[in-house]
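Reading the structure
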Amino acid sequence: MFQRFQDFYRWLSVQFNRIPVFPRDLGVTALFLCAAYYVSSLLIDHTGGENNSALVFVLAVSLISLLTSGYAYGIAASIIGALFINIYFMEPYEAFSLSRTGYPVAMLSMVAISCVICALTARVKKQATEAVRREKSTKALYEQNEKLNAEKAAIQLQSDRISIRESILRAVSHDLRTPLTAISGAASVLLSSPEVSEKNLAMLADIKQDADGLIVMVENLLSVTRVQDGTIPLKKREEMLEEVAGDALLTTRRRFPDYHIELDLSEDILYLPMDPLLVRQVIVNLLENAIRHSGDTEHITLRLYRQDSWAVVEVRDRGRGLSQQVRQALQNGSPIPLSGDDTRGMGIGLSVCQSIIKAHGGFFTADNHPEGGAVFRFGLPAEGEEL
């Protein structure tokens, strides 16, 4: 029974609050004044002059102040109630009169008491509204704090995962580098031996080439993890970019003697601060990517030039070019999708290049050339003057 009463009260409260404010407050005021008049009319028939109508109207004014907004309706109801009492429930009946002793004081006292009740009721409602507002604000802040804590925990978990992954990569790379170097060295020794047959020479050449490729991949893994977590600080010094690029070109030609790589140098001498070992590794990676993945053996070009305040290195081929997936991945900085052997190893090498150039404060781009093939560019800040 009590639950039904609570449900009915909630429903009634919802319906009451749906009514617009002005007609709702006006209706409440009229309803309680009429109810007070009716109750006082019943009392006067039984009690005569001692009908306590003033108390009835004060109660009506209190309820009006509680259920309406502001002070106006309660004060208006107190004045109207005082007039009703004087006219209908005090002698002479059916007429307004202040001639009797105590009437003015009684009316003013009733109006004053009603106004005080209105003020107190309005203050209580304001405090209740403020308490509800603070409760909602506190709840919103608590929910926001919980959300921030959850995001912080997720970021920390992701950071821990990345740290663990990089630690595993470094450990595996260190463990792989030694046996791969031994395999490459043993294959070189056997290749120089006159006792090896031609069939075995071809197999040994494949073994050495694959071992060298794996060594480069391991070195790239070590470099990218160190650059990303800041454990390999840049050792910058003033160097000629032409010398660094020439060293990278010689290294690549030793590894791939059958491929033709053209060097196009600028008329300017590009002398700028850099970590020469890391920049050399970037150029080697780009040249090897062109050799391994472009399908072009004759038209690979390494070009160096100055563009505004940048020293730019460009590696271009005339091969099959970059797929749309690889281009989008390079532009967004996301992992490069592997679609078979054609792109195997490309993602690691290019990730190394991007990380090293970013650490130098430079830019790295990759796209297809309008005349065919892929073109990779990176720029380093050329702080020095042209020579």
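Reading the values: rules and limits
- Residues numbered from 1 in each chain as written.
- Predicted model: local features only at pLDDT ≥ 70, side-chain atom pairs only at ≥ 80, totals over all residues.
- Heavy atoms only, no water.
- Helix = DSSP H or I, 4+ residues; strand = E, 2+ residues; numbered from the N terminus.
- Expected span 1.5 Å × (residues − 1).
- Buried < 20%, exposed > 50% of the residue type's maximum accessible area, 1.4 Å probe, protein only.
- pLDDT = per-residue confidence, 0-100.
- Contact = heavy atoms within 4.5 Å.
- Pairing = 2+ DSSP bridges.
- Axes fitted to C-alpha atoms, helices over the stretch in contact; angles between N-to-C directions.
- Salt bridge = Lys/Arg side-chain N within 4 Å of Asp/Glu carboxyl O.

**Considerations on helix H8 (residues 276-293)**
- Spanning 18 residues, H8 covers 25 Å between terminal C-alpha atoms, matching the ideal 26 Å at 1.5 Å per step.
- Judged by how many residues are buried, H8 sits mostly within the fold: 15 of 18 residues are covered.
- Just downstream of H8 lies Gly 295, where phi reads positive at about 80°.

**Concerning the confidence of the model for the chain**
- For the chain, the mean per-residue pLDDT works out to 77, and 76% of the residues sit at or above 70.
- Counted against residues more than four places away or in other chains, residues 338-345, with its pLDDT under 50, gives 8 contacts.

**Describing the sheet that holds strand E6 (residues 363-368)**
- Spatially, the 5 strands line up as an open sheet ordered E2-E4-E5-E7-E6, and their pairing is mixed. Because the sheet does not close on itself, it has two edges, and the strands there are strand E2 (261-264) and E6. For this sheet, the mean inter-axis angle between neighbouring strands, taken without regard to orientation, is 15°.
- Looking at chain direction, E6 and strand E7 (residues 374-381) are connected through 6 bridges and run antiparallel. Across the sheet, the residue bridging to Thr 365 is Arg 377, located in E7.
- In the packing of helix H7 (residues 241-255) onto the sheet, the strands contacted are E2, strand E4 (300-307) and strand E5 (310-316), and the crossing angle to E4 comes to about 170°.
- Sheet strands touched by H8: E2, E4, E5, E6 and E7. Its angle to E7, the strand with the most contacts, is close to 175°.

**A short note on the pattern of salt bridges**
- Within the structure shown, the criterion is met by 11 salt bridges.
- One salt bridge connects Glu 130 with Arg 133, and the closest N-O pair in it is separated by 2.4 Å. A residue pair is termed a helical-turn pair when its members lie 3 or 4 positions apart in one helix, as Glu 130 and Arg 133 do in helix H5 (residues 103-191) at 3 residues.
- According to the relative accessible area criterion, Glu 130 is partly exposed, its value standing at 29%.
- Arg 133 sits in the partly exposed class, given a relative accessible area of 47%.
- The partner of Glu 239 in a salt bridge is Arg 237, and the shortest N-O contact between them spans 2.6 Å.

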